[in-house]
Amino acid sequence: MSSTVAPEKSTSNAMGPKEVELILVKEQNGVQFTSSALVAPPPPQTNTSGEEDRETWGKKIDFLLSVIGFAVDLANVWRFPYLCYKNGGGAFLVPYLFFMVIAGMPLFYMELALGQYNREGAAGVWKICPIFKGVGFTVILISLYVGFYYNVIISWALFYLFSSFTGELPWVHCNNTWNSPNCSAWADNSSVSDIYKATPAQEYFERGVLHIQDSGGIGDLGRPRWQLTSCLGVVIVLLYFSLWKGVKTSGKVVWITATMPYVVLTVLLVRGVTLPGARDGIKAYLSVDFLKLCEAKVWIEAATQICFSLGVGFGVLIAFSSYNKFSNNCYRDAIITSSINSLTSFFSGFVVFSFLGYMSHKHNVALDKVVRDGAGLVFVIYPEAIATLPGSSVWAVIFFIMLFTLGIDSAMGGMESVITGLIDEFKFLHKHREQFTLFIVVSTFLISLFCVTNGGMYVFILLDHFAAGTSILFGVLIEAIGIAWFYGVDRFSDDIEEMIGQRPGMYWRLCWKFVSPCFLLFMVVVSFATFNPPVYGSYVFPPWANMVGWCLAMSSMSMVPLYAIYKMCILPGKFCNRLAYAITPETEHHLVDNGEVRQLTLHHWLVV
């Protein structure tokens, strides 16, 4: 008998260990017997930094639906149609699409590429230019602040949803305990002074849901109302169980939350266009008044809508794309998702104005009397229109399911930005994602309780006015400058080419380096110049409340200079040496030691 050992078979893998299989060959009486040694499976693949490979989306569609679900939110329904109507109808699409092309899409593309290449959250990606890491904490804070009040909108929708499971909707008459003597139906409003007009739907929202009549202002909040607190608790629980396992769970939830609004919007449009007066409403929505384009305010509002509707600057796009495969075509994703967001806004206008036209026709009043934006549209006007339809309770349930799903996936995106951004920055949290997620959602719930008190609407208005206004524009401006000027458009383009095999064209590079930063700088200046203190109806916020609001806004914006100062203090060497380290990607710090600092050359600043 003789035995030999066959040569080993190895499979090389640059990203992981070699697999070795030993085959023992025995020969006895002219017959060969073989046996294979069992080899343990290789450990998880690691990247070049020695860390385990990042989790990725289960399917490409999970990512696309998550981005669409985040970008398409309540503002698509209650803000864009109103802006179209107020600013020249179809003519408003001219400045809207213009700013979409020169700023919206380029910035959207930039964030998707930034997150996908660096595979970290909003703070971690700034290893490409460490001095700008403060802007990562800025957008994380903004997303956290928005969660304090955005979840409350979802809880309102949930409260209305529960209230709709009844034979008669509670906002159809003035015979309820919460109604005031000023309550009157539309038919009777002609004999009532404009100052005292209040429809049943309006009083249900303000007095039946919010109980704002029991508060004297922001200084008299009262205790949280148990009904809204319970709805808020349900929202928080749903958010936790959607996010606790990362994209493994959230990627499946969006199959429902991101698609349901489109189904409901289509159903509501089919019903709306059959109503009397719907054609007049849609005609007013699409009417073209090009003279409006001569007004600076129209262009400013179009630019503002672009900034906020795409969701750029919240760190969400960076967080979502960081879970993509490295070779994913982020360019195609940016074009698809940003286009769908804008088309959804335009489509929702037909749904909204078909019902507004119906309300105008039914009550024989001018369309201006029923058109409004914000919470008043979806919680007052639309419910009132639905209440007049046959089977009103069914339509109400359908409508508020849509509002709930529109809000929940946007809230999921904001939370994911905070969780991913902090977990990637503080690596020890990776092993405790479930507990950390619980901590974030519970903390958000506790702060949100201020918004479900009797005077909670005043807190809501204050947060809405200051949390993500000027600060988000400032954050995106610094982000664009950091990437296009300090890291370099040419280097950023090289990164994209490495991922998708295609270098961005001159158009994108010019937008990133010149057009988008100038646009954002203009928007920041306009935001400060046109600032108006928040108001709610006839209520004027006291000076101390405005001070609190500005402190909230400055707390996020201050992260940029504070972190830059901190970074300069902890780096070794003289000031010039510290500055060189601070503006050079961490992977190139060895070049600084040799006196090679790309950012200090004229070529770096001139190249596009």
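Residues numbered from 1 in each chain as written. Predicted model: local features only at pLDDT ≥ 70, side-chain atom pairs only at ≥ 80, totals over all residues. Heavy atoms only, no water.

- The protein chain has the name Transporter in an unreviewed UniProt entry, where Takifugu flavidus is given as its organism.
- Per its UniProt entry, the protein chain bears the Subcellular location (unreviewed entry) comment "Membrane". (UniProt positions renumbered as here; feature names shortened; annotations may be inferred.)

1. Describing the overall build of the protein chain
Part 1 of the argument: Of regular secondary structure, the protein chain possesses 24 helices and seven strands.
Part 2 of the argument: Burial statistics for the protein chain: of 608 residues in total, 56% are counted as buried.
Part 3 of the argument: For the protein chain, the share of sequence-separated contacts (at least 6 apart) that also reach a separation of at least 24 residues comes to 78%. (Helix = DSSP H or I, 4+ residues; strand = E, 2+ residues; numbered from the N terminus. Buried < 20%, exposed > 50% of the residue type's maximum accessible area, 1.4 Å probe, protein only. Contact = heavy atoms within 4.5 Å.)

2. Looking at the environment of L477
Part 1 of the argument: Here L477 lies in helix α18 (residues 470–500).
Part 2 of the argument: For L477, a relative accessible area of 8% corresponds to the buried category.
Part 3 of the argument: Discounting chain neighbours no more than four positions away, the residues touching L477 are P517, L520, L521 and V524.

3. Some points on the nonpolar core
Part 1 of the argument: In terms of nonpolar packing, the biggest core is built from 196 residues, with W156 and F379 touching the most fellow members.
Part 2 of the argument: Once residues within four sequence positions are removed from consideration, F379 is found in contact with W78, I153, W156, A157, Y160, A201, F205, F400 and L403. (Core = buried A, V, L, I, M, F, W, Y, C linked by side-chain atoms within 4.5 Å.)

4. Overview of the packing of aromatic side chains
Part 1 of the argument: On inspection of all chains with the given rule, the structure shows 59 aromatic pairs.
Part 2 of the argument: On the numbers, 6.0 Å between centres and 40 degrees between planes, the contact of Y145 with F148 is tilted. Here Y145 pairs with F148, and both are found in helix α5 (residues 133–163), just three residues apart, close to one helical turn.
Part 3 of the argument: By relative accessible area, F148 is classed as buried at 11%.
Part 4 of the argument: Ring plane angle 65 degrees and centroid distance 5.5 Å describe the contact between F466 and W550, whose orientation is recorded as edge-to-face. (Phe/Tyr/Trp six-rings, centres within 6.5 Å; stacked < 30°, edge-to-face > 60°.)

5. A word on a nonpolar patch on the surface
Part 1 of the argument: A contiguous nonpolar patch, built from M506, L510, F514 and V515 and spanning about 310 Å² of accessible area, is present on the exposed surface.
Part 2 of the argument: Looking at where V515 falls in the secondary structure, it is placed in helix α19 (residues 506–529). (Patch = residues over 30% accessible without salt bridge, like charges linked within 9 Å, V, L, I, M, F, W, Y side chains within 5 Å. Areas by Shrake-Rupley, 256 points an atom, 1.4 Å probe, with all protein chains shown as cover. Salt bridge = Lys/Arg side-chain N within 4 Å of Asp/Glu carboxyl O.)

6. So, the state of the cysteines
Part 1 of the argument: The tally for this structure, following the rule as stated, stands at one disulfide.
Part 2 of the argument: Disulfide pairing is shown between C174 and C183; the S-S distance is 2.0 Å. Because the torsion about its S-S bond is -70 degrees, the bridge between C174 and C183 counts as left-handed.
Part 3 of the argument: Owing to a relative accessible area of 26%, C174 belongs among the partly exposed residues under this scheme. (Disulfide = S-S within 2.5 Å.)

7. A short note on the side chain of T344
Part 1 of the argument: In this structure, T344 sits in helix α13 (residues 330–363).
Part 2 of the argument: Residue T344 is classed as buried on the basis of its relative accessible area, which comes to 5%.
Part 3 of the argument: Within the structure, T344 has its side chain in polar contact with the side chain of Y262 (distance 2.7 Å).
Part 4 of the argument: Leaving out residues up to four positions away in the same chain, T344 has contacts with V72 and Y262. (Polar contact = N/O pair within 3.5 Å; in protein donor to acceptor, adjacent residues only side chain to side chain.)

8. Points about the environment of A468
Part 1 of the argument: Relative to the elements of secondary structure, A468 occurs in the loop between α17 (456–466) and α18.
Part 2 of the argument: Along the chain, A468 and G313 lie 155 residues apart, while their C-alpha atoms are 9.6 Å from each other.
Part 3 of the argument: Look past the residues within four positions of A468 in its chain and what remains in contact with it is I142, V146, F308 and F314.

9. Structural notes on the UniProt feature "binding site: Na(+)" (unreviewed entry) in the protein chain
Part 1 of the argument: Here the UniProt-annotated "binding site: Na(+)" (unreviewed entry) positions come out as G69, A71, V72, N76, S309, N341, L406, D409 and S410. A compact arrangement is adopted by the annotated residues: their sequence extent is 342 residues, whereas the largest C-alpha distance between any two is 14.4 Å.
Part 2 of the argument: Within the secondary structure, G69 is located in helix α1 (residues 60–71).
Part 3 of the argument: You can call G69 buried: its relative accessible area is 2%.
Part 4 of the argument: Those residues in contact with G69 that sit more than four places away from it in its chain are A258, L406, D409 and S410.

10. Considering helix α16 (residues 433–448)
Part 1 of the argument: The end-to-end C-alpha separation of α16 is 22 Å, in line with the 22 Å expected for 16 residues at 1.5 Å each.
Part 2 of the argument: By the burial criterion, the buried members of α16 are R433, F436, T437, I440, V441, T444, F445 and S448.
Part 3 of the argument: Looking at the buried positions of α16, the neighbouring elements they touch are α5, α7 (226–243) and α15 (392–425). (Expected span 1.5 Å × (residues − 1).)

11. Remarks on the packing of α5 against α15
Part 1 of the argument: Between α5 and α15, the least distance of the axes is 8 Å, while the angle of their chain directions is 155 degrees. In terms of orientation, α5 and α15 fall into the roughly antiparallel class. Of the two elements, α5 crosses α15, and the hand of that crossing is left-handed.
Part 2 of the argument: Here the contact of α5 with α15 is built from residues that sort into 20 nonpolar, seven polar and two charged. (Axes fitted to C-alpha atoms, helices over the stretch in contact; angles between N-to-C directions. Parallel < 35°, antiparallel > 145°, perpendicular 65-115°, else oblique. Left-handed = near helix turned anticlockwise from the far one by under 90°. Nonpolar A, V, L, I, M, F, W, Y, C, P; charged D, E, K, R; others polar.)

12. Observations regarding α7
Part 1 of the argument: End to end, α7 covers 25 Å across 18 residues, agreeing with the expected 26 Å (1.5 Å per residue, within 8%).
Part 2 of the argument: Along α7, the positions that sit buried rather than exposed are L228, T229, C231, L232, G233, V235, I236, L239, Y240, S242 and L243.

13. What about unusual backbone geometry?
Part 1 of the argument: Although it is not a glycine, R119 sits at a positive phi angle of roughly 55 degrees.
Part 2 of the argument: Positionally, R119 belongs in the loop between α4 (93–118) and α5.
Part 3 of the argument: Of note in this structure, N364 is not a glycine but carries a positive phi near 55 degrees.
Part 4 of the argument: Along the chain, N364 turns up in the loop between α13 and α14 (375–387).
Part 5 of the argument: Residue N364 is classed as exposed on the basis of its relative accessible area, which comes to 71%.

14. Focus on the confidence of the model for the protein chain
Part 1 of the argument: The share of residues in the protein chain with pLDDT of 70 or more is 89%, and the mean pLDDT across the chain is 88.
Part 2 of the argument: Contacts of residues 1–26 to residues separated by more than four positions or lying in other chains number 48 contacts, the stretch itself having pLDDT below 50.
Part 3 of the argument: Overall, residues 33–51 carries pLDDT values under 50, and its contacts beyond four positions in sequence, including any with other chains, amount to 33 contacts. (pLDDT = per-residue confidence, 0-100.)

15. Things to note about the side chain of T405
Part 1 of the argument: Note on placement: T405 falls in helix α15.
Part 2 of the argument: Of note is the side chain of T405, whose polar atom sits 2.9 Å from the backbone oxygen of M402.
Part 3 of the argument: Apart from residues no more than four positions distant in its own chain, T405 is found in contact with T257, M260 and P261.

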